Every structure is written in structure tokens, then in C-alpha cells.
Amino acid sequence: GQSLEQPSEVTAVEGAIVQINCTYQTSGFYGLSWYQQHDGGAPTFLSYNALDGLEETGRFSSFLSRSDSYGYLLLQELQMKDSASYFCAVRAHGSSNTGKLIFGQGTTLQVKP
Amino acid sequence: DTGVSQDPRHKITKRGQNVTFRCDPISEHNRLYWYRQTLGQGPEFLTYFQNEAQLEKSRLLSDRFSAERPKGSFSTLEIQRTEQGDSAMYLCASSLSASGGFVSYEQYFGPGTRLTVT
């Protein structure tokens, strides 16, 4: 089977740094993605890691360790608008290289003033 | 073309009725995905199209569900004889693949169709 584990909720204050962890168990693995979803909105792409290491995009960074089946999303200089749900998602091997995503259950981030 | 669009945004139907949703992907994207999302959960993969060919279907997609992408552009998802358990947000996403096996890792999601079955 395929499963992803991430914390259900995280709370932090404006200006702080928060890390959202994700562990995965899949039958095959191409890479780990992160998506942000505001209430009532569509998931939007944040980052993708195919290789071990850290990828940085502005205030957001994402890390992957393939040997540990583990990744995290790091959000710096938190702003109120960062309050949202964050999903890790695995691009898993499929019968035809579909690129389909297997999502975790999501982490609700609440940023407080 | 500014993104993926879905219609309708909301649908309330009575149990046993049929419903159809439409998705218009980003125009140059040849890959199209349908996902279903229930409250507090991540999106779950339903089915995938490469151009007009439906290449993969999840076990979640019962016989009551059918999807088409007749000309490789827009797609429809039909649910027959709806059940209360079908109540969810139905998300469409698109991405680009090119010759040689390249598959874009970024999927662009539409705003979804929220289905409520009463």
C-alpha cells in the first residue's frame, strides 16, 4: 500500500519559522511535492524534491531524504496569509508513468498575530 | 487562458440522480486528472487522461462513475445514481508531458465542484 503521514495541525505566531514533516511509504517513488490549500480554494503547488537535499523558494524551503522516506516543508517569516492546509504528495510509480499524486491528509497551519 | 476551470462550482442533488461535471484544463496541457476530496482529507486520485485516452482509473471509481475527454481538451465526470457518500469536492488538475517521457511535476488544480447529495 501507499501512505503518507503528516501532523494534523500546527500553530505558530507571525514572523516565526515552522516545519511540517512528512513520512511516506510507497511502492515506488519519483518525488515529493508540497501543495498549499486555503479554505474553499484549490491546491496550489509550492515545491518539488526528486533528489535528496534542500530546495529553497523564497520564504519556503523543502527537504527530502529518500533513504529515510522523509521530507519537510519549512516556512519562514510566517505571515497571516500562510494560514492554510499544507499537503505533501508523492509522485508514485504507476502502470503508465501517469504522474498521479498520492496525497497526505494535510496539516492545518494556523498563524496567530 | 488563466488556469483550470470547473463547472459548476456547486451542485446539490437528491440521492439517485445523475450529475455531470465539466473541467477545462490549461489549453496546452495534455494530461488531465480527476481527484476527490472530502473534508479534512487530502485529494484522492480518481482517474487520468493523456490527451483523449483514459489511461488509469482508481479502484475508488465505481461503475457509477464515468469520465471522458472526447477531443483531448475538456473533460466530463458523470456520477450515476448518486449516493450520500458521493458528497465531496471534485477537483480537476492538468499538467504537461512532452515526448521522451518528460512529465511536469507541477499539477495545476481547478477550483473544484462541491457536490452535496441529500
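Thresholds applied
Residues numbered from 1 in each chain as written. Chains lettered and ligands numbered in written order. Predicted model: local features only at pLDDT ≥ 70, side-chain atom pairs only at ≥ 80, totals over all residues. Heavy atoms only, no water. Disulfide = S-S within 2.5 Å. Helix = DSSP H or I, 4+ residues; strand = E, 2+ residues; numbered from the N terminus. Contact = heavy atoms within 4.5 Å. Buried area = accessible area lost by both parts, 1.4 Å probe. Salt bridge = Lys/Arg side-chain N within 4 Å of Asp/Glu carboxyl O. Polar contact = N/O pair within 3.5 Å; in protein donor to acceptor, adjacent residues only side chain to side chain.

Moving on, we come to the state of the cysteines. Residue and element names in this part refer to chain A. Within the structure shown, the criterion is met by 2 disulfides over all chains. With its sulfur 2.2 Å from that of its partner, cysteine 22 forms a disulfide with cysteine 88. Between cysteine 22 and cysteine 88, the S-S dihedral sits near 75 degrees, and the bridge is therefore right-handed. One end of the pair, cysteine 22, is in strand β3 (residues 18-25); the other, cysteine 88, is in strand β9 (residues 84-91), and 66 residues separate them in sequence.

With that settled, consider the interface of chain B and chain A. On the chain A side, the residues contacting the 22 residues of chain B number 20 residues. Summed over both partners, the interface of chain B with chain A comes to about 1800 Å²; 53% of that surface belongs to carbon and sulfur atoms. Considering only the side of chain B, the residues that lose the most area to chain A are B:Glu56, B:Tyr105 and B:Phe109, jointly responsible for 30% of the buried surface there. Two residues, A:Lys100 and B:Glu56, come together in a salt bridge whose shortest N-O distance is 2.5 Å. Inspection of the chain B/chain A interface yields 5 residue pairs in polar contact (both at pLDDT 80 or more). At the level of elements, β4 (31-37), β5 (44-50) and β6 (53-57) of chain B are the ones that each hand at least two residues to the side of chain B that touches chain A.

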